[in-house]
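Fold and contact review
As a plain string of letters, each chain reads:
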Amino acid sequence: MDDLLQEFIAETRETLEALSGEIVAWEAAPEDRARLDAIFRFVHTVKGSCGFLDLPRLGRLSHAAEDVLSALRSGERSPDAPLVTAVPAIVDRIGEIVE
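This is a predicted model, so every value here is computed, not measured.

1. A closer look at helix α1 (residues 2-28)
- Here α1 contains 27 residues, and its C-alpha end-to-end distance of 39 Å stays within 8% of the 39 Å for a straight helix at 1.5 Å per residue.
- Within α1, the full set of buried residues consists of F8, I9, T12, L16, L19, I23, A25 and W26.
- On its buried face, α1 is in contact with α2 (33-53), α3 (56-74) and α4 (81-98).

2. Brief notes about the nonpolar core
- Counting residues in hydrophobic clusters, the biggest one holds 25 residues, and the most contacted among them are F8, I39, F42 and L69.
- Sorting the residues of this core by element identifies α1, α2, α3 and α4 as the ones contributing at least two each.
- Among the elements that take part in this core, α2 stands out by supplying nine residues, more than any other.
- What I39 contacts, discounting residues up to four positions off in sequence, is L19, I23, W26, L69, V87 and V91.

3. Some details on the pattern of salt bridges
- Within this structure, the stated rule accounts for seven salt bridges.
- For the salt bridge of R33 with D37, the shortest nitrogen-to-oxygen distance reads 2.8 Å. Placement of both R33 and D37 in helix α2 is noted, with a separation of four residues, approximately one turn of the helix.
- Residue classification places D37 among the buried positions, given a relative accessible area of 16%.
- Taking the shortest distance from any N to any O, the salt bridge between E66 and K47 comes out at 2.5 Å. Of the two residues, E66 is situated in helix α3 and K47 in helix α2; the sequence distance between them amounts to 19 residues.
- Here the salt bridges share partners, and the residues they tie into one network are E22, D32 and R35.

Cut-offs used in this document
- Residues numbered from 1 in each chain as written.
- Predicted model: local features only at pLDDT ≥ 70, side-chain atom pairs only at ≥ 80, totals over all residues.
- Heavy atoms only, no water.
- Helix = DSSP H or I, 4+ residues; strand = E, 2+ residues; numbered from the N terminus.
- Expected span 1.5 Å × (residues − 1).
- Buried < 20%, exposed > 50% of the residue type's maximum accessible area, 1.4 Å probe, protein only.
- Contact = heavy atoms within 4.5 Å.
- Core = buried A, V, L, I, M, F, W, Y, C linked by side-chain atoms within 4.5 Å.
- Salt bridge = Lys/Arg side-chain N within 4 Å of Asp/Glu carboxyl O.

Here's what the structure looks like:
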């Protein structure tokens, strides 16, 4: 399991680095669906990995983030200022937990 955990950590770090530009661009244009989808895919992948690796705290955070992003994608919620601020903060927290 240690090898799988190390692989998860390495892949998550790599993806976070690649995603940072997407997040900044999405903050500037929260109606940009492609960038929102990229953020959603990242969070969804983290959530799935957490279930497999038994990482409950990170799993709960990523599940809650996925719910919010899903509501944004479906139009149930609008990307208001507090939400646009919260999404990058959540992604940052995922990074902190992985570290």
